[in-house]
Amino acid sequence: IGMVGADRHGQFFRPGAVKVAGSEADERALMEAVNRFLRSLKDRECSIFIRRYFHAFSIGHIASMYGMTESAVSKTLARTREKLKKFLRSEGYIV
């Protein structure tokens, strides 16, 4: 896939990487759902999201990497967070 943060199988999260309330099976299911969401994004949108929230790059740094304004990066991140929220709601993780 070639996306920042993904392994050769296109996985961003591995079970156990993030602790969630519930069983190990619940944790694995949530991580698989997040991986599906991330793979559904356009490459640039996914890379921006991964660089900000997985690698903690500053918005300014991301903006300079992609030739974008900080405002455009912030807007991209806000839209992606909203997509993630809707996705998790559709998967039953948010009520």
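Everything below is about the structure shown above.
Keep in mind that what you see is a predicted model, and the values were worked out from it rather than measured.

## Digging into the packing of helix α3 (residues 59–66) against helix α4 (residues 70–90)
Line of reasoning, step 1. α4 packs onto α3 with a crossing angle of 105° between their chain directions and a minimal axis gap of 8 Å. In terms of orientation, α3 lies roughly perpendicular with respect to α4. Each of Ile59, Gly60, Ile62 and Ala63 in α3 lies in contact with α4, whose residues at this interface are Glu70, Val73, Ser74 and Leu77.
Line of reasoning, step 2. Split into classes, the residues belonging to the contact of α3 with α4 amount to five nonpolar, two polar and one charged.

## Details of the nonpolar core
Line of reasoning, step 1. By size, the foremost hydrophobic cluster in this structure holds 19 residues, and its most contacted members are Phe37, Leu38, Ile48, Val73 and Leu88.
Line of reasoning, step 2. Sorting the residues of this core by element identifies α1 (24–40), α2 (43–53), α3 and α4 as the ones contributing at least two each.
Line of reasoning, step 3. Ranked by residue count, the leading element in this core is α1, at six residues.
Line of reasoning, step 4. Those residues in contact with Leu88, other than ones at most four positions away along the chain, are Leu30, Val34, Tyr93 and Ile94.

About the criteria used
- Residues numbered from 1 in each chain as written.
- Predicted model: local features only at pLDDT ≥ 70, side-chain atom pairs only at ≥ 80, totals over all residues.
- Heavy atoms only, no water.
- Axes fitted to C-alpha atoms, helices over the stretch in contact; angles between N-to-C directions.
- Helix = DSSP H or I, 4+ residues; strand = E, 2+ residues; numbered from the N terminus.
- Parallel < 35°, antiparallel > 145°, perpendicular 65-115°, else oblique.
- Contact = heavy atoms within 4.5 Å.
- Nonpolar A, V, L, I, M, F, W, Y, C, P; charged D, E, K, R; others polar.
- Core = buried A, V, L, I, M, F, W, Y, C linked by side-chain atoms within 4.5 Å.
- Buried < 20%, exposed > 50% of the residue type's maximum accessible area, 1.4 Å probe, protein only.

So, to be careful, I would describe these as geometric facts and stop short of saying anything about function.
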